[in-house]
Protein chains: 2
Amino acid sequence: MSKTTPLSGFPEWLPETELVQQELIRRVRRRFELYGYGPIQTRSVERVSDLLKQGETDKEIYALQRLAADAEAAAEAKLALHYDLTVPFARYVSENRGRLIFPFRRYQIQPAWRGERPQLGRYREFIQADADIIGQDVLELRHEAELIYLLRETLQDLPIPKVRIMINSRKILEGFYRGLGLDNLVEVLRIVDKRDKIGEEGVGRALREAGLDKEQTEACLAIARVEAETPEELDAVRALGVQDPLLDEGLTELSSILAGSRGGLSAALHIARGFDYYTGTVLEGVLEDRPELGSVCSGGRYDDLAAGGGKKLPGMGVSIGISRLMGFCLEMGLFEQPRKTPAQVLVLIHDEPSRSRSEAVAARLRARGIPCLVSDKDAAYGKQIKRANQLGVPYVWFPPAEGTDEHEVKDLASGDQTPADPDRWVPDPSVTALRF
Amino acid sequence: MSKTTPLSGFPEWLPETELVQQELIRRVRRRFELYGYGPIQTRSVERVSDLLKQGETDKEIYALQRLAADAEAAAEAKLALHYDLTVPFARYVSENRGRLIFPFRRYQIQPAWRGERPQLGRYREFIQADADIIGQDVLELRHEAELIYLLRETLQDLPIPKVRIMINSRKILEGFYRGLGLDNLVEVLRIVDKRDKIGEEGVGRALREAGLDKEQTEACLAIARVEAETPEELDAVRALGVQDPLLDEGLTELSSILAGSRGGLSAALHIARGFDYYTGTVLEGVLEDRPELGSVCSGGRYDDLAAGGGKKLPGMGVSIGISRLMGFCLEMGLFEQPRKTPAQVLVLIHDEPSRSRSEAVAARLRARGIPCLVSDKDAAYGKQIKRANQLGVPYVWFPPAEGTDEHEVKDLASGDQTPADPDRWVPDPSVTALRF
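Quick caveat, the model's predicted, so the values are computed rather than measured. (Residues numbered from 1 in each chain as written. Chains lettered and ligands numbered in written order. Predicted model: local features only at pLDDT ≥ 70, side-chain atom pairs only at ≥ 80, totals over all residues. Heavy atoms only, no water.)

Where do I start with the overall build of chain A in this structure?
Within chain A, the regular secondary structure consists of 15 helices and 17 strands. In terms of principal-axis extent, the alpha carbons of chain A reach across some 90 × 60 × 45 Å. A burial count over chain A gives 60% of its 436 residues as buried. At a minimum sequence separation of 6, the contacts of chain A that also span at least 24 residues come to 70%. Carbon together with sulfur atoms contributes 48% to the accessible area of chain A, which is approximately 17,600 Å² in total. Charge-centre separation for chain A: the mean point of 58 positive side chains lies 3 Å from the mean point of 68 negative side chains. (Helix = DSSP H or I, 4+ residues; strand = E, 2+ residues; numbered from the N terminus. Buried < 20%, exposed > 50% of the residue type's maximum accessible area, 1.4 Å probe, protein only. Contact = heavy atoms within 4.5 Å. Areas by Shrake-Rupley, 256 points an atom, 1.4 Å probe, with all protein chains shown as cover. Lys, Arg positive; Asp, Glu negative; His and termini not counted. Charge placed at Lys NZ, Arg CZ, Asp CG, Glu CD.)

Right under this line is the structure:
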């Protein structure tokens, strides 16, 4: 295994970068839990038949096959890796509905897999952090608002560039298209969803090819241009003169969410999202200064994904693309860290025979929750300190000489060296924190 | 997706159980980091060719296939899900050796997959927590001891029954077999490794079938019976009268680890471990009172798994079977929890119109890091408190009546209800902690 090359689309980070990714995940987890969202994990595999129910995703699915398949294996349900966390979650809720308390709030931070062509921030294996709420029979609009608010707060707590969250409603788009007399709603939605990739002209051409006349095409392009920060600005949609009850319902809902959003949110009526399962609110977020990179978070309302026992289980979810954020931010040079280890202290050793004295210091620091390493090599202090710098460990500890109990600790960044008691000394959090 | 049945071998936990699993993972992570082991994650897939290098594991491997495979897909390297975290880690180190600092300490908590027949605690998808150290050219015995000590300390910090750690050395077994004049060492190792499953008699029969004569078979059974808590007790091996330099080397190393282990460790010379890649120390741990369930942790030294640039990269790793521990402990009824959510407080609502007052309380609690929920339904306080009990939320909060600022908080277990300030009150950690 000595010669290997990375697999395109399957990112792996160096230790200093994984520390950053773990910090991102820790912050997301903490924020989700503050709102009472609890962790679950679903298995990585789903039945292929369940995955294929959710529309045009089959080309992206990785199916599983046991290498030494025998009769028993062939009889197994055909399995594949999940391509998102929403479909598995809905299946989990349907399966366990009698043992859950609704509305059910959960978060889930796991990898997902899609066999897409890799590009910057778009991977074949990627980590997502999802928060969802699923109600029994009903899920109120304020639950949608809660999740949108939680998403915004979580993103603000991450050391990343500002994210612009854009929101829309499938009801508005479907109602509008229906009001135009169209019946290929799903096809039109998918075409409009490509606006960021193929541009308005491309969308126009594709719509004409899909059978829309010039007026219908113009109307579809016009509504996709509407952006609104306030409910009033949504009147631009009504000004297009299309009438439909579902359109009205969608506009009312979107107005309500905008009104309650306390800012930081805008309606953008070209947002459609690729998945078929959304039935109401849809949203996505892009880096405000780099929108061309594509979405870093997304979400929406799904009324028919989970169900069971004759009850509807409508849900709403938001999803943060952890791997994608990592990819973008690394590309921008944002996540560079000196730290290559969680150790905050490197305890030096005088020489090999006195190693146990240094180990005893480390044990005392660890007992108080301070991560540390003991020098791996007997060498001059200067060389050991160089090693601390290579590892990005912020402090070095000078153990006592034999027969004494005089310890010293040195902050390598400031150069300050002071006497210290291994049972009391605490590292300065501003020295040990990751740098963002 | 309304009718589903669980997939055998792919466990999923309910929220109250996932909270326990997250607590286990949190404690393992903290302990690994205290010793300066840093997180990494490897991709879930490896090249099939790399996985097959490691011996008799092919029947357990899940290969990947894109559902809509085309020419491009067919040309892709054949990929499969990893069956452990050691092989991917060794590949990662080989691949990144120029960018890592050695000895390199890392931990990794991820799922792995094996297409085995599912049984109690043995799953097809399972989470493992591994800590490994890899040196450049050399890895000293004290590094092995460090990992064994870390493993013991980590297990002691988990809310699980006592684990008995048994240690051996491949050098002892291979040297001993060689000293007996055997040349089918790998075959003999694999047979001896099955002792816990097929018993001593079964091993004896299998060894005879593998071509060993009666004396050789007896000797192999005799060394497998040796157990030792101290270096002196290892003399029982020398008493068997077999001579071999590798045997001597193994005995010296094992004695040294036992001597330095500060107790809590015993040598058990039947331990062989299934993987071909181990070259020295091997270990496994079982629940002291339920050894028949099989190992809950394992590990060993591997000299030839990673390499690169003309250098050897010898390693040692330990692995805790998180999913297996979950399975065993759940079976024993150990992990039952009232808590179904991370929320520590349910903020009640007077009525729907005053919901925003309760939301304001929740915002103040969250700002100080206290996870909380606001009642989802306008109902009598009694009904809302019942909901808190169902969710296992330990406190309920009575928001102020309109125009006042008089808050009260109630500990549902003790029944104590007291005035409280949402900017100062802190929950009692003994009330909010999970119960083990």
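So that's the structure; there's more coming.
Explain the sheet that holds strand β13 (residues 345–347) of chain A here, please?
In a beta sheet, neighbouring strands pair by backbone hydrogen bonds and run either parallel or antiparallel. All names here are of chain A. Spatially, the 5 strands line up as an open sheet ordered β14-β13-β15-β16-β17, and their pairing is mixed. Of all the strands in the sheet, just β14 (372–374) and β17 (417–419) have a single pairing partner and so form its edges. Averaged over neighbouring strand pairs, the angle between their axes works out to 25° when direction is ignored. Both strand β16 (residues 408–411) and β17 contribute to a ladder of 3 bridges, which runs antiparallel. Bridged to Lys410 within β17 is Gln417. (Pairing = 2+ DSSP bridges. Axes fitted to C-alpha atoms, helices over the stretch in contact; angles between N-to-C directions.)

I tried to follow a positive patch on the surface on my own but got confused; where do I start?
On the surface, Lys377(A), Lys383(A), Lys386(A) and Arg387(A) cluster together into a patch of positive charge. Inspection of the secondary structure puts Lys383(A) in helix α14 (residues 381–391). (Patch = residues over 30% accessible without salt bridge, like charges linked within 9 Å, V, L, I, M, F, W, Y side chains within 5 Å. Salt bridge = Lys/Arg side-chain N within 4 Å of Asp/Glu carboxyl O.)

How should the pattern of salt bridges be read in this particular structure?
Pairs may arise between side chains of opposite charge once their charged atoms sit close together. In the structure shown here, the tally under the stated rule is 62 salt bridges over all chains. The residue Arg105(A) makes a salt bridge to Asp376(B) at a minimum N-O spacing of 2.8 Å. Remark: Asp376(B) occurs in the loop between β14 (372–374) and α14 (381–391) and Arg105(A) occurs in strand β5 (residues 104–113); the pair is interchain, linking two chains. Residues Arg105(A) and Asp376(B) agree in their burial class; the two are buried. Taking the shortest distance from any N to any O, the salt bridge between Glu352(B) and Arg142(A) comes out at 3.7 Å. Separated into two different chains, Glu352(B) in the loop between β13 (345–347) and α13 (355–367) and Arg142(A) in helix α5 (residues 141–156) make up a pair that spans both. Classification of Arg142(A) by relative accessible area gives partly exposed; the value is 23%.

Explain the packing of helix α6 (residues 170–179) of chain A against helix α9 (residues 214–225) of chain A here, please?
When two helices pack together, their arrangement is given by the angle between the helix axes and by the axis-to-axis distance. All names here are of chain A. Look at α6 against α9: their axes get within 11 Å of each other, and the N-to-C directions meet at 160°. Overall, the two elements α6 and α9 adopt an arrangement that is roughly antiparallel. Between α6 and α9 lies a crossing of right-handed hand. Here Ile172, Leu173, Phe176 and Tyr177 of α6 come into contact with α9, specifically with Ala219, Cys220 and Ile223. (Parallel < 35°, antiparallel > 145°, perpendicular 65-115°, else oblique. Left-handed = near helix turned anticlockwise from the far one by under 90°.)

Would you mind showing me how to read the interface of chain B and chain A here?
How big an interface is tends to be expressed through the accessible area that disappears when the partners come together. Between chain B and chain A, the residue contacts involve 89 residues of the former and 90 residues of the latter. Approximately 7,900 Å² of surface area, both sides summed, lies buried where chain B meets chain A, with 57% of it carried by carbon and sulfur atoms. Between chain B and chain A we count 6 salt bridges in total. Split by residue class, the side of chain B that touches chain A holds 42 nonpolar, 19 polar and 28 charged. For strand β3 (residues 62–66) of chain A and strand β3 (residues 62–66) of chain B, the ladder comprises 5 bridges, and the chain directions are antiparallel. Bridging from a neighbouring strand, Tyr62(A) pairs with Arg66(B) of β3(B). (Buried area = accessible area lost by both parts, 1.4 Å probe. Nonpolar A, V, L, I, M, F, W, Y, C, P; charged D, E, K, R; others polar.)

Looking at this model, I keep getting lost on the pairing of strand β10 (residues 281–287) of chain A. Mind explaining?
Two faces, one strand: in a regular strand the side chains alternate between the faces of the sheet. Residues and elements named next belong to chain A. With 7 of its 7 residues buried, β10 lies for the most part within the structure. Every second residue of β10 is oriented toward a common face, with Thr281, Leu283, Gly285 and Leu287 on one face and Val282, Glu284 and Val286 on the other, all of them buried. In this sheet, β10 lies alongside strand β7 (residues 163–169) in antiparallel orientation, the contact comprising 7 bridges. Within β10, the residue paired with Asn168 across the bridge is Val282. Bridging between β10 and strand β11 (residues 295–308) involves 5 bridges; their strand directions are antiparallel. Across the sheet, residue Glu284 finds its bridge partner in β11, namely Ser298.

Is there a simple way to think about the sheet that holds strand β8 (residues 227–228) of chain A in this case?
All names here are of chain A. With mixed pairing, the 9 strands of this open sheet are ordered in space as β1-β5-β6-β12-β11-β10-β7-β9-β8. The outermost strands of the open sheet, each flanked by one partner alone, are β1 (38–39) and β8. On top of the sheet, helix α1 (residues 15–34) reaches β1, β5, β6 (125–134) and β12 (311–321); it is set at about 160° to β5, its chief contact.

Would you mind showing me how to read the packing of aromatic side chains here?
The geometry of two aromatic rings is summed up by the distance between their centres and the angle between their planes. Residues and elements named next belong to chain A. Summed over the entire model, instances satisfying the criterion amount to 23 aromatic pairs over all chains. Relative to Tyr302, the ring of Tyr277 lies with its centre 6.2 Å away and its plane at 80°, an arrangement referred to as edge-to-face. With Tyr277 in the loop between β9 (266–268) and β10 and Tyr302 in strand β11, this pair connects stretches of sequence that are 25 residues apart. Under the relative-accessibility criterion, Tyr277 is labelled buried at 7%. Taking relative accessible area as the criterion, Tyr302 reaches 1% and is therefore assigned buried. Seen in terms of ring centroids, Tyr381 and Phe398 are 5.3 Å apart; in terms of plane orientation they differ by 75°. Their pairing is edge-to-face. In this pair, Tyr381 is assigned in helix α14 and Phe398 in strand β15 (residues 395–398), connecting sequence segments 17 residues apart. Taking the relative accessible area as the measure of exposure, Tyr381 reaches 25% and is therefore partly exposed. In this structure Phe398 comes out as buried when scored by relative accessible area, which is 12%. (Phe/Tyr/Trp six-rings, centres within 6.5 Å; stacked < 30°, edge-to-face > 60°.)

Just to check I follow, could you spell out unusual backbone geometry for this structure?
Residues and elements named next belong to chain A. Each neighbour pair has its own omega, and for Phe102 with Pro103 the value is -5°, a cis peptide bond. Here Pro103 lies in the loop between α4 (86–96) and β5. Notably, Asp137 is not glycine yet its phi reads approximately 70°, a positive angle. Tracing the chain through its elements places Asp137 in the loop between β6 and α5.

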